[in-house]
Amino acid sequence: MAEKLYLGLDIGGTAIKAGICDGEGRLLHSIEGPTESGQGAERVLQNAAGCACRCVEESPYDWDRIAGVGVGVPGFLDAARGVVKFSPNLPLTNFPLRDRLAEALGKPVSVGNDANVAALGEAWGGAGRGVSSCVLYTLGTGVGGGIVVGGQVIEGFTGMGGELGHMSVVPDLEAIQCGCGKKGCLETVSSATAIVRMAKGAVERGDRTSLALIENLTAKDVFDAAKAGDEVARRIIERAAHYLGKSMAQMAVIVNPERFIIGGGVSQAGEFFIGLVRETFRKCALERAQEGVEIVAATLGNSAGIVGAAGLARQQQP
C-alpha cells in the first residue's frame, strides 16, 4: 500500500500556498496562487479549492494518496467546528471553511490559526524536529507565535493560546498602545514595524545616525546600520532583542520548552540578532528553566505554513 500523503493550504491575504507532505513532514511538491480576497468569501473558497486541486494535478501523486487536507488561516477561529469567526485580512466572517472546503475537495479538512499552524510546521518538519516541545515566534509586520507540546498545538480555551505578540513585557513608563488596544505588548517593540517606528522616531528627534540618510526605511536598513556600528540603530535592535528575550524567560517558566524558534522577516538578521536575544534570556530566565534550552532560527521560511497545515491534517487523519 502506498504511503499516505497530506496536503496543506496556507491562505494569506494576497496569496494561497499549497503543498504535499509525506508522513515525516518532508515537503514533496508546492505551488502558489492568488487569494483575490477583494472578490469575497466565495472567491477565496473557490481559489483555495482550485489551488489544492492544481497542486495534486501538477505533482506526481494521485488524489487517492491524499489522506487529508489541513488549512492555516489568519484570524480568530472556532477550530473545533472549522469556522473562521473573523479574519482581518480575509472576507471570512462566521464562515464554515472546514465543511465548505471538505465538500469541494471530497477529503477530510482540518483548520487552524496560521501562526499556530506555522509553529506546528517548524515542530514537525523544521527547526523543532526531534524535540518534544517548542515555542515559535514569527517577527514580521506584527509578532505571531505558537506553542507545540508533545506534537500538539496549544490553542487554549478560546483559541488565544500562543498569541505571543500580545504578552505585556514593556514597563508602563515606556509602553505605547498596540494595535490590539492594550499597552506594552511585545509586538510594539520586537516586530519589523516597531523597529522601523523606533528608527523614524530617532531621526525625527535629531539623533546622530546614518538612518537619517535613508528614504523609505525598512527593518533591514536598521539591522544593516547596527551591524556597521551605528550606535542609534544598535540601541534599537538591542531593545527589540531585550524584550523578546524577556518574553522567552517568562515562557520558560510557563511551558519550559526545549527550544525557542525565531521566524519571520526579522529572523533573517541571523546570529547578530539571535545572539542578543540569548543574552537577555540567560540573564532573565530562572537557571533551572533555561537549562539545556536552545534559541534558534526557523528553517522552513515561507513553507512553514503549508508544512504545518499538512501536519494538522496528519494529526486528524493519521
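Look above for the structure.
Residues numbered from 1 in each chain as written. Predicted model: local features only at pLDDT ≥ 70, side-chain atom pairs only at ≥ 80, totals over all residues. Heavy atoms only, no water.

A. View of the packing of aromatic side chains. The full count for this structure, using the stated rule, is 3 aromatic pairs. With centroids separated by 6.4 Å and ring planes inclined at 45 degrees, the aromatic side chains of Tyr 137 and Phe 260 adopt a geometry described as tilted. You can see Tyr 137 sitting in strand β8 (residues 133-139) and its partner Phe 260 sitting in strand β11 (residues 259-263), a full 123 residues away along the chain. Judged on exposure class, the residue Tyr 137 and its partner Phe 260 are both buried. Taken together, a centroid distance of 5.6 Å and an interplanar angle of 90 degrees make the contact between Phe 223 and Phe 273 edge-to-face. (Phe/Tyr/Trp six-rings, centres within 6.5 Å; stacked < 30°, edge-to-face > 60°. Helix = DSSP H or I, 4+ residues; strand = E, 2+ residues; numbered from the N terminus. Buried < 20%, exposed > 50% of the residue type's maximum accessible area, 1.4 Å probe, protein only.)

B. Spotlight on the pattern of salt bridges. Within the structure shown, the criterion is met by 13 salt bridges. Linking Glu 174 and Arg 239 is a salt bridge whose minimum nitrogen-to-oxygen distance equals 3.1 Å. Residue Glu 174 is found in the loop between β10 (152-153) and α4 (187-190), and its partner Arg 239 is found in helix α7 (residues 231-252); the two are separated by 65 residues along the sequence. Relative accessible area serves as the criterion here: at 40%, Glu 174 is assigned to the partly exposed category. The shortest N-O distance in the salt bridge between Asp 207 and Arg 205 comes to 3.0 Å. (Salt bridge = Lys/Arg side-chain N within 4 Å of Asp/Glu carboxyl O.)

C. Quick peek at the packing of helix α5 (residues 192-205) against helix α6 (residues 219-227). Relative orientation of the contacting elements α5 and α6 amounts to 65 degrees, with a least axis distance of 8 Å. Considered as vectors, α5 and α6 are oriented roughly perpendicular to each other. Of the two elements, α5 crosses α6, and the hand of that crossing is left-handed. Touching Ala 192, Ile 195, Val 196 and Ala 199 of α5 are Ala 219, Val 222 and Phe 223, all from α6. Looking at the contact of α5 with α6, its residues break down into 7 nonpolar, no polar and no charged. (Axes fitted to C-alpha atoms, helices over the stretch in contact; angles between N-to-C directions. Parallel < 35°, antiparallel > 145°, perpendicular 65-115°, else oblique. Left-handed = near helix turned anticlockwise from the far one by under 90°. Contact = heavy atoms within 4.5 Å. Nonpolar A, V, L, I, M, F, W, Y, C, P; charged D, E, K, R; others polar.)

D. A look at the environment of Val 170. Mapped onto the fold, Val 170 is located in the loop between β10 and α4. Residue class for Val 170 comes out buried when judged on its relative accessible area of 5%. For the pair Val 170 and Cys 185, spaced 15 residues apart in sequence, the C-alpha separation works out to 6.6 Å. Residues within four places of Val 170 in sequence aside, it is in contact with Ala 175, Gly 184, Cys 185, Thr 188, Val 189, Arg 239 and Tyr 243.

E. Structural view of the state of the cysteines. Counted according to the given criterion, the structure contains 0 disulfides. The thiol of Cys 53 is unpaired, and the distance to the nearest cysteine sulfur, on Cys 51, comes to 9.5 Å. By relative accessible area, which is 24% here, Cys 53 ends up partly exposed. (Disulfide = S-S within 2.5 Å.)

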